[in-house]
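Each chain is listed here by its residues.
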Amino acid sequence: MELAVTISGMTCAACAKNIERVVNKLDGVSVGQVNFGTEKLKLKFNDKIVSYDKILAVVQRAGYNLHTLESDNETRKQDEIDQLRNTFKWSLIITVPLFLFSMLPMIFYSLNMPVIPPQWDPMHHPQYNGLIQLILTLPVMWLNRKLFKRGFAAFFTGAANMDSLIAKGTSVAFVFSVYITIENFLLIGTSLYATFEEMVFMGRNQFYFETVAVILTLIVLGKYLEAKTKGGTSAAIKKLMGLAPKSANIERNGIEMEISIEDVAVGDIILVKPGEKMPVDGVVVQGVTSVDESMLTGESMPVGKNIGDNIIGASINKNGSIKYKATKIGKNTVLAQIIKLVEDAQNSKAPIARIADTISGYFAYGVLAIAVLVGVAWFLAGYDFSFVMMIVVSILVIACPCALGLATPTAIMVGTGKGAENGILIKGGDSLETAHKITTVVLDKTGTVTKGKPYVTDIIRKGDFLEDEILLLAASAETKSEHPLGEAIINFGTKKFGTLPEPTSFNSVTGQGIIAKIFYQNAEKNVIIGNSRLMLESQIDMKDYFVDSDRLALDGKTPIYIAINGKPAGIIAVADVIKQESKAAIKRLYDMNIDVVMITGDNKNTAAAVASQAGINKVLAEVLPQDKAANVEKLQKKGDKVAMVGDGINDAPALVRADIGIAIGNGTDVAIESAQIVLMRGDLRGVSQAIYLSKITMRNIKQNLFWAFSYNIAGIPIAAGLLHIFGGPLLNPMIAALAMSFSSVSVLLNVLRIRKLNLGGLENGKV
């Protein structure tokens, strides 16, 4: 059984590691993968051996909770953010007077300003001062009780985490301060502490209550800021989920009615007026309009829709009323599939994330060991217990690996979300990481570099017939034909002339062309359209056009001869032309020092012509569909990291074989399923944008990891008293807590810079 659930209660990557550990220990669980950034747990388990309730129970014992994805997770997350905000607010309200009460008397005492009543003065009656501080500290600890629960639960289950370090450090400081307070009540004035000066000398007026409260307040502030920032990183999914309309106007049994989008059924006829959103996917059955699909594809220009054209749910109808038949609803719509792809990508782990998780898991225990060893060393060196406690608490607080744990998953979340905003769907963190290593991009020709269907490119005439006359008669004759080349001529003629006259007679000659009669300008015209063989058999001499015909063929175009009333009239050239953006897209790849290879089953002349137009230097022509994957493998064996870009069923094996498969979004479902990255626009510029996004994201991750490691490497020695050895100050635990919180927030702020990238305006992919 496979299941995906959300987790509450995690505070760092070590928490994720702990949940994975306790879940994967259960018999019957084959996969228990946690993503800290998205707070998701992916489960694969045998429900005959272990139940979901048992999995939930072990997670709860570890100090966390699970929630099914069907529950209102957005509300729950907002509740968690609100709870953290309230915890911080009340902790701060209590901590401020506690801090002032503990610090001001010492400041006034040093300035010889005895403004504090003697009974509360820590320099004369520390027992009463300590009692007040204890009373004020207890509410702060109670407000942050979940931290202690999670921290000690993780510690005693063998998976110490950030909360474990904080809970241990503050607990040690608190217990030590309580001990001093009790001792003061019991011993001051006895023979053990005969004088006030002796009591001060022994440090019995030094408490760490305010340190405990300030640390907890700063930690909860950091958690609150982190939760808010992490909430912003899933904005892409929230935005996508908010696109779909809540209702639909449909026509059933001739009656128009408005129903909930959940009640729309496949086959329903949906009515959409200008300005309204398309409720589900479908096919136009009546009307003509243009549709804004930018929210899904990133393409700003509206797309024309006629009868038979596909409609994507959540796109916006711009300027015409249409009716369309619902073909995909619910989880099967393009929008639902996009949301699933983005969620899966954000819930996956890149290889670099697994390394960081492993380090974080061991790091906590390493820090505990360092804190103990350093504390013992200072104690053996002759320093008192109070000094040693300050050192231990500072190390435990400053060395929390939360920044290390945040570095990778948050960057992957933001990177995949940014891609989705630009019509680039990245299916996993591993794909996002691999893309930046690409050295060679292999492009399928038809439908990838080219538009994938024939268009009229040239009309050549040398005789008595005008160009418009040749085009009109040829397009009219082809209206009875079903040949793809004929369709190109019809479309071209329809755009120019509108309605075309129908032929009065029509005859298709298999493999050669057509012969038709058309009534035009008060006379019947005999029209012959086809190849040189049909012209020869019809005794039409086209030798004056042979040079032009050969030139067009070398350019990768198909020349179609036209004869009218038995006389040579001209040539209409048809070709699968390159996409408008292909040349610029390929130049971008070359600018990124990425090699480009075009692969096609077409003949060498056609392939060379298309490659020349697109600016591609390397061509693999006359390649059978089953051999495309083998050619990708040859490049890989040479040491290249290969991305394969295609749109057809025959591209699927090569898409799978490549290091990264990139599917054109308007291609076949098989190609899209086989690829790791999907370009929703069908725009080749998305290839360079995806690679550029990968480079930026990986650079961001490496920056985060570098600073997280550097922070801990530099912070631990300072907290251990290195500066003090050379006459410098000790690191106060409160400053350590502030620095630790800031390190996590700084990582998140660095990650959010990815959201400001302008992929659409990318001039080249240089990073």
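Counting from 1, residues in each chain are numbered in the order their sequence is written. Only residues with pLDDT of at least 70 get local features here, since the model is predicted, and only at 80 or more are side-chain atom pairs given and counted; chain-wide, interface and lining totals rely on the full set of residues. Hydrogens and water molecules were not included; the side-chain quantities draw on all heavy atoms of the structure.

## Quick look at the sheet that holds strand S9 (residues 289–292)
When DSSP finds two or more bridges between a pair of strands, those strands are recorded as paired. In DSSP terms, a helix is any run of H or I states spanning at least four residues, a strand is any run of E spanning at least two, and both are numbered starting from the N terminus. What the three strands build is an open sheet, ordered S10-S9-S12; its pairing is antiparallel. Looking at the sheet topology across the chains shown, the edges are occupied by strand S10 (303–305) and strand S12 (316–317). Note that S9 and S10 share three bridges and pair antiparallel. Within S10, the position partnered with Ser 290 by the bridge is Gly 304.

## Focus on the nonpolar core
As a rule of thumb, soluble globular proteins bury nonpolar side chains together. What is meant by a nonpolar core is a set of buried Ala, Val, Leu, Ile, Met, Phe, Trp, Tyr and Cys residues, joined one to another through side-chain atoms within 4.5 Å. A simple rule labels every residue: compare its accessible area, found with a 1.4 Å probe on the protein chains alone, to the largest value its type can have, and call it buried under 20%, exposed over 50%, or partly exposed in between. Judged by nonpolar contacts, the single largest core of 46 residues is most densely connected at Val 441, Leu 443, Val 449, Ile 616, Ile 677 and Val 687. Examining the composition of this core, we find that nine residues originate from one element, helix H26 (residues 685–719), more than from any other. Formed by 42 residues, the second largest nonpolar core is a distinct cluster that contains Ile 215, Leu 216, Ile 391 and Leu 396.

## A look at the packing of helix H21 (residues 582–591) against H26
Here an angle of 0 to 180 degrees is reported between the N-to-C directions of two axes, which are lines fitted to C-alpha atoms, with helices fitted over the stretch in contact. In the contact formed by H21 and H26, the axes pass within 7 Å of each other and the chain directions differ by 30°. Considering the angle they form, H21 stands roughly parallel to H26. Between H21 and H26, the residues in contact are Ala 585, Arg 588 and Leu 589 and Arg 685, Val 687, Ser 688, Gln 689 and Ile 691, respectively. Across the contact of H21 with H26, the residue classes break down as four nonpolar, two polar and two charged. Angles below 35 degrees are treated as roughly parallel, those above 145 as roughly antiparallel, those between 65 and 115 as roughly perpendicular, and all remaining angles as oblique. Contacts were defined at the residue level, with two residues in contact if any of their heavy atoms lie within 4.5 Å. Gly falls in the polar group here, along with every residue not listed as nonpolar (Ala, Val, Leu, Ile, Met, Phe, Trp, Tyr, Cys, Pro) or charged (Asp, Glu, Lys, Arg).

## A word on the side chain of Ser 694
Take Ser 694: it is sitting in helix H26. Leaving out residues up to four positions away in the same chain, Ser 694 has contacts with Leu 432, Glu 433, Ala 435 and His 436.

## Side note on the sheet that holds strand S4 (residues 65–68)
A sheet is described by the order of its strands in space; here four strands give the open sequence S2-S3-S1-S4, paired in antiparallel fashion. Of all the strands in the sheet, the pair left with one neighbour each is strand S2 (29–35) and S4. Here the strands of the sheet are splayed against their neighbours by 30° on average, with no regard to which way each runs. Bridge count for strand S1 (residues 2–8) against strand S3 (residues 40–45) is five bridges, and the pairing is antiparallel. When the sheet's bridge partners are listed, Val 5 is paired in S3 with Leu 41. This element, helix H2 (residues 52–61), spans S1, S2, S3 and S4 of the sheet and lies at about 140° to S4.

## Describing the packing of aromatic side chains
Any two of the Phe, Tyr and Trp rings considered here, Trp counted by its six-membered ring, make a pair once their centres fall within 6.5 Å; the pair's planes then place it as stacked at under 30 degrees, edge-to-face at over 60, or tilted in between. Counted under the stated rule, the structure contains two aromatic pairs. Measuring from ring centre to ring centre gives 5.8 Å for Phe 174 and Phe 209, while their planes differ by 70°; the resulting arrangement is edge-to-face. Of this pair, Phe 174 sits in helix H6 (residues 162–187) while Phe 209 sits in helix H8 (residues 209–233); the two residues are 35 residues apart in sequence, bridging distant segments of the chain. Like Phe 174, the residue Phe 209 is buried in the burial classification. Ring centres of Trp 378 and Tyr 383 lie 5.0 Å apart, and the angle between their planes is 90°; this geometry places the pair in the edge-to-face category. Overall, Trp 378 belongs to the buried group, its relative accessible area being 10%. Our definition puts a charge over a ring when NZ of Lys or CZ of Arg is within 6 Å of the ring centre and also within 35 degrees of the ring normal. Taking NZ or CZ as reference, Arg 145 lies 4.0 Å from the ring centre of Trp 142, over its face.

## Focus on the pattern of salt bridges
Whenever Lys or Arg places a side-chain nitrogen within 4 Å of a carboxyl oxygen from Asp or Glu, that contact is recorded as a salt bridge. Under the defined criterion, the tally for this structure stands at 17 salt bridges. As a salt-bridge pair, Asp 268 and Arg 252 come within 2.7 Å of each other at their nearest N and O atoms. Residue Asp 268 is located in the loop between strand S6 (255–260) and strand S7 (269–272), and its partner Arg 252 is located in strand S5 (residues 247–252); the two are separated by 16 residues in the primary sequence. A residue is classified by how much of its surface remains accessible, and Asp 268, at 10% relative accessible area, is buried. The structure contains a network of salt bridges with shared partners spanning Lys 462, Asp 548 and Arg 551.

## Here we look at the confidence of the model for the protein
As a per-residue measure, pLDDT tells how confident the predictor is, with possible values from 0 to 100. Taken over all residues, the pLDDT of the protein has a mean of 79, while the share at 70 or more is 78%. Averaged over each element, pLDDT in the protein is lowest for helix H7 (residues 196–201) (46) and highest for strand S22 (residues 595–599) (93). Across residues 763–767, confidence stays below pLDDT 50; counting only partners more than four residues off in sequence or on other chains, it has 13 contacts.

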